[in-house]
Amino acid sequence: MASGAGTGGPGDDGSDPRDGMNDPLPEGFDPSSVNLEDASEDLLWKVLPHTEGSRRAETLYVLGSRLARNERWEQAVVCAEESVSEWENAGNSSGLVHGLLAAATCRSQLEDHGAAIGHYLRGIELLETYGPESELAEALGRLGGVYIDAEQLSDALDCLRRSLGLIEQWDLPAETGALHQRIAHVLHRLDHSSQEVLDELLAARSDFALAKDLGQVMDANDQLARHFDAQGDFETAAIYLEENLHLAKSIGRSEALGVAHYRYAGALRLSDRYDEAFAHIESARGHLRDAGDHERMLWCDLEQVWCLQRAGRTREAIELLETLWVAVRIVGSSHEVHAVINDLYPDAIARGDVDIRERLCRQARAWGEEHDDEALVDRYTIELGLVHLDAGRHDDAESLLEHSSEKDGHQPAFRTVETDALLQSGLAELSLHRGDAASAAMALAGVSTDSPISAHVLARIHRTRGLINEALVKGSGVADLAMAAQIWTNLGWRHEVAATLAQLTGKDSAAE
């Protein structure tokens with residue numbers, strides 16, 4: 001359907017123009033004289049009952065377009081599908097195609113993917129017979145998008161490639177670039193080879209460069225950088241993002257410059273070029289401040305947290321996060337909060353910093369409670385219980401861990417395998433503290449070391465199991481304790497290695 005401004009919708013007094021459909025037209029008024037494209041929505045509703053055949057179909061189509069412009073999709077789709085019936089009865093194949101494509105657009109907007117696909121397939125079959133190829137190429141591309149939304153990725157790939165094959169006949173680099181990008185996305189989702197995805201991304205970038213669309217070239221560079229990030233090739237990713245800095249300077253907008261500096265800072269962080277990263281974070285923050293983009297300024301602050309963390313300056317990262325916490329709660333997303341917490345918390349464990357661990361746990365629980373994030377609250381309630389255990393505050397640990405334990409034999413749906421493993425480990429350690437090694441063994445019995453859990457969690461499970469076995473039979477826990485020490489050695493967590501080795505040798509690591 002056509003796009004653009006329209007005057008559709010209820011009148012200023014809240015009335016619906018359809019209320020006047022059956023009002024008599026002025027005496028002598030000829031409905032066939034109405035220019036449908038220029039007519040108001042109110043007039044179209046009045047004229048509609050006085051039309052038939054192709055004229056009625058055209059009136060319905062134009063009326064549906066007006067409704068679609070105002071995103072009144074439920075009404076628009078009725079008009080579009082009625083126009084399909086009228087054009088079909090009139091034997092007008094050109095009009096039928098337009099009605100089908102309009103109906104498909106409305107159905108896709110209503111997320112009725114099955115009906116949308118059906119309309120597109122009928123329209124495409126007619127276009128394959130009667131043309132024109134330009135409309136066929138567009139319809140195939142749009143059908144590919146609906147297939148993506150419907151998770152029918154193989155069908156999407158076929159449509160997008162057919163559309164690309166047609167459009168490549170003409171000199172339309174912007175359109176072919178967009179198709180190459182979408183094909184790359186689908187290939188990635190279908191787990192095709194990294195090289196196939198890369199070839200499509202490079203083709204998209206080349207086409208956007210031919211189209212002299214700097215914004216699209218920057219977007220292509222950004223996608224290429226993400227592709228190389230996923231391959232662990234951070235230096236190549238940084239090259240593409242550095243080019244975006246130069247392109248952003250050509251564009252000259254503060255927002256574009258800010259985003260370019262921010263993204264480049266992330267690439268530098270991943271390449272362990274911290275000093276340069278901090279400088280670009282400051283530049284990004286300044287440009288985004290000029291643009292009044294407070295949400296992306298928060299991105300800069302979070303990037304600085306991650307940069308401090310990766311540079312080993314965990315305490316500074318935690319202190320910065322505490323100053324940002326209110327802003328994160330207002331502007332940030334669940335993804336950002338989870339990423340920050342889950343990056344910083346293991347560092348605090350590695351350094352044996354109980355105070356920072358406790359502060360992070362309390363922050364995570366507060367954010368989760370405010371945002372009904374049950375999984376985050378559950379994980380960091382259990383983590384806080386483990387903090388208390390590690391600090392020797394067994395009563396505090398017991399109140400948290402017992403509260404988090406399974407109720408009525410059912411595990412909460414939001415609890416992950418990893419979080420449950422931590423809970424069972426904590427409950428086992430509480431039983432050990434009470435001198436009940438048998439109950440501790442039962443608590444840990446259901447935890448598998450083959451489960452998909454983080455290395456440091458696996459190490460804790462091995463340590464707990466080793467302590468249980470030692471309590472049951474002296475010397476039987478050596479293998480598990482040694483495994484825990486090895487995992488922590490691989491992670492470079494010296495504090496945990498020292499504590500575990502002390503348990504192996506029966507020494508007090510704190511005394512040393």
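Above this note sits the structure.
These numbers come from a predicted model, not from an experiment.

A.B. asks: Break down the pattern of salt bridges for me, with residues and values.
C.D. replies: Applying the stated rule across the entire model yields 32 salt bridges. Where Arg273 meets Glu235, a salt bridge forms, and the shortest distance between an N and an O atom there is 3.6 Å. Placement of Arg273 in the loop between α12 (254–270) and α13 (274–291) and of Glu235 in helix α11 (residues 234–251) is noted, with a sequence separation of 38 residues between them. Judged by relative accessible area, which is 26%, Arg273 ranks as partly exposed. One salt-bridge network, in which partners are shared between bridges, spans Arg357, Asp390, Glu429 and Arg460.

A.B. asks: Hey, could you go over the environment of Met483 for me, with residue numbers and the actual values?
C.D. replies: Counting through the fold element by element, Met483 comes out in helix α23 (residues 478–491). Along the backbone, Met483 and Thr500 are 17 residues apart, and their C-alpha atoms lie at a distance of 9.7 Å.

A.B. asks: Outline α11, supporting the account with residue identities and numerical values.
C.D. replies: Between the first and last C-alpha of α11 there are 25 Å, a value that for 18 residues agrees with the 26 Å anticipated at 1.5 Å per step. Regarding α11, the residues found buried are Ala237, Ala238, Tyr240, Leu241, Asn244, Leu245, Leu247 and Ala248. Positive phi appears at Gly252, one or two residues downstream of α11, with a value of about 85°.

A.B. asks: So what's going on with helix α20 (residues 417–433)? Which residues, and what values?
C.D. replies: Taking 1.5 Å as the rise per residue, α20 with 17 residues should run 24 Å; its terminal C-alpha atoms sit 24 Å apart, in good agreement. For α20, a buried count of 14 out of 17 residues is recorded, marking the element as mostly surrounded by other parts of the structure. Two residues or fewer past α20, Gly435 is found with a positive phi of approximately 85°.

A.B. asks: I'd like a rundown of the nonpolar core, residues and numbers included.
C.D. replies: Nonpolar side chains in soluble globular proteins tend to be buried together. Counting residues in hydrophobic clusters, the biggest one holds 141 residues, and the most contacted among them are Leu344 and Leu360. Residues contacting Leu344, with those up to four places away along its chain left out, are Val305, Gln309, Thr314, Ala317, Ile318, Leu321 and Leu360.

A.B. asks: An account of the packing of aromatic side chains is needed here, citing residue identities and associated values.
C.D. replies: To describe a pair of aromatic rings, you give the distance between the ring centres and the angle between the ring planes. Considering all chains together, one arrives at four aromatic pairs under this definition. Ring geometry for Phe228 and Tyr240: centres 5.9 Å apart, planes at 10°, overall stacked. With Phe228 in helix α10 (residues 214–230) and Tyr240 in helix α11, this pair connects stretches of sequence that are twelve residues apart. Comparing Phe228 with Tyr240 shows no difference in burial state: the two are buried.

A.B. asks: Please give an account of the environment of Leu360 that cites residues and values.
C.D. replies: For Leu360, the position within the fold is in helix α17 (residues 354–370). Judged by its relative accessible area of 0%, Leu360 falls in the buried class. If sequence neighbours within four positions are ignored, Leu360 has contacts with Ile318, Leu321, Ile341, Leu344 and Tyr345.

A.B. asks: An account of the packing of α23 against helix α24 (residues 494–505) is needed here, citing residue identities and associated values.
C.D. replies: Put simply, α23 and α24 touch, their axes get as near as 9 Å, and they point 165° apart. The orientation of α23 with respect to α24, classified from their angle, is roughly antiparallel. Where α23 crosses over α24, the two elements pack in a sense that is left-handed. Judged by residue contacts, Val478, Leu481, Ala482, Ala484, Ala485, Trp488 and Thr489 of α23 engage Glu496, Val497, Thr500, Leu501, Gln503 and Leu504 from α24. The residue inventory of the contact of α23 with α24, partitioned by class, reads nine nonpolar, three polar and one charged.

A.B. asks: Pulling in residues and values, what's your account of the side chain of Thr105?
C.D. replies: One can find Thr105 in helix α4 (residues 93–109). Taking the relative accessible area as the measure of exposure, Thr105 reaches 17% and is therefore buried. At 2.4 Å, the side chain of Thr105 forms a polar contact with the side chain of Arg142. Not counting the four nearest positions on each side in its chain, Thr105 is found in contact with Tyr120 and Arg142.

About the cut-offs
Residues numbered from 1 in each chain as written. Predicted model: local features only at pLDDT ≥ 70, side-chain atom pairs only at ≥ 80, totals over all residues. Heavy atoms only, no water. Salt bridge = Lys/Arg side-chain N within 4 Å of Asp/Glu carboxyl O. Helix = DSSP H or I, 4+ residues; strand = E, 2+ residues; numbered from the N terminus. Buried < 20%, exposed > 50% of the residue type's maximum accessible area, 1.4 Å probe, protein only. Expected span 1.5 Å × (residues − 1). Core = buried A, V, L, I, M, F, W, Y, C linked by side-chain atoms within 4.5 Å. Contact = heavy atoms within 4.5 Å. Phe/Tyr/Trp six-rings, centres within 6.5 Å; stacked < 30°, edge-to-face > 60°. Axes fitted to C-alpha atoms, helices over the stretch in contact; angles between N-to-C directions. Parallel < 35°, antiparallel > 145°, perpendicular 65-115°, else oblique. Left-handed = near helix turned anticlockwise from the far one by under 90°. Nonpolar A, V, L, I, M, F, W, Y, C, P; charged D, E, K, R; others polar. Polar contact = N/O pair within 3.5 Å; in protein donor to acceptor, adjacent residues only side chain to side chain.

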